[in-house]
Structures are given as C-alpha cells and as structure tokens.
Amino acid sequence: MNYITELSQEELVDICSVSIDPSLPQQERITEFLKQIKDPYHFKHGELEVHVCYSEDGPTLIECLKQLID
C-alpha cells in the first residue's frame, strides 16, 4: 500500500477522531487504524498538520503503530 498522499488541510483526518476497538487482534487494530487515518504519514491533530518521517536506522512505521495501538 502506498500511503503518500497529497491531501489538503481540509481532507486530512484528525487523529483524535480515530477510534479502535481494543478487543480486536493486533493486526486488525493496525488495519482499522490505517483505514481510518487514510495516510499515517500525513494527518492532523486538531488544527496542527502532522507530517511523519523516520530515519533509516530508526523503528519502522509498523513498530511505531504497534506501540501506539498496544
């Protein structure tokens, strides 16, 4: 899946509106998060636009999502 998008500020999903059922298995929670957020690299928190990037020697996106969702 390619999550790099060119969304306008109005199209970005507010991460505060994302709601995940904690009783789902981990993989389903990750899938549900990705469906709701649309682009995990570009979203907003309130009025703040967030662009996420990672260093080559840092944790992967999946590792970060697991920490966020667990």
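As a starting point, this report considers the structure included with it. (Residues numbered from 1 in each chain as written. Predicted model: local features only at pLDDT ≥ 70, side-chain atom pairs only at ≥ 80, totals over all residues. Heavy atoms only, no water.)

## Considering the packing of helix α1 (residues 26–37) against helix α2 (residues 61–69)
Put simply, α1 and α2 touch, their axes get as near as 10 Å, and they point 100° apart. It follows from the interaxial angle that α1 and α2 lie roughly perpendicular. Where α1 approaches α2, its residues Gln26, Arg29, Ile30, Phe33 and Leu34 are matched on the opposing element by Leu65, Lys66, Leu68 and Ile69. For the contact of α1 with α2, the class distribution of residues is 6 nonpolar, 1 polar and 2 charged. (Axes fitted to C-alpha atoms, helices over the stretch in contact; angles between N-to-C directions. Helix = DSSP H or I, 4+ residues; strand = E, 2+ residues; numbered from the N terminus. Parallel < 35°, antiparallel > 145°, perpendicular 65-115°, else oblique. Contact = heavy atoms within 4.5 Å. Nonpolar A, V, L, I, M, F, W, Y, C, P; charged D, E, K, R; others polar.)

## Re α2
Those residues of α2 not exposed but buried are Leu61, Leu65 and Ile69. All buried residues of α2 fall inside an arc of 60° around its axis, so they share one side. Elements in contact with the buried residues of α2: α1. (Buried < 20%, exposed > 50% of the residue type's maximum accessible area, 1.4 Å probe, protein only. Arc of directions from axis to C-beta.)

## With respect to the side chain of Arg29
Topologically, Arg29 is positioned in helix α1. In contact with Arg29, other than residues within four places in its own chain, are Ile20, Asp21, Pro22, Leu24, Ile69 and Asp70.

## Here we look at the state of the cysteines
In protein structure, a disulfide is the covalent linkage between the sulfur atoms of two cysteines. If you walk through the whole model with that rule in mind, you get 0 disulfides. Cysteine Cys16 is unpaired, with the sulfur of Cys64 as its nearest cysteine sulfur at 18 Å. The exposed category is assigned to Cys16, whose relative accessible area is 54%. (Disulfide = S-S within 2.5 Å.)

Coordinates in, geometry out; function isn't part of it.
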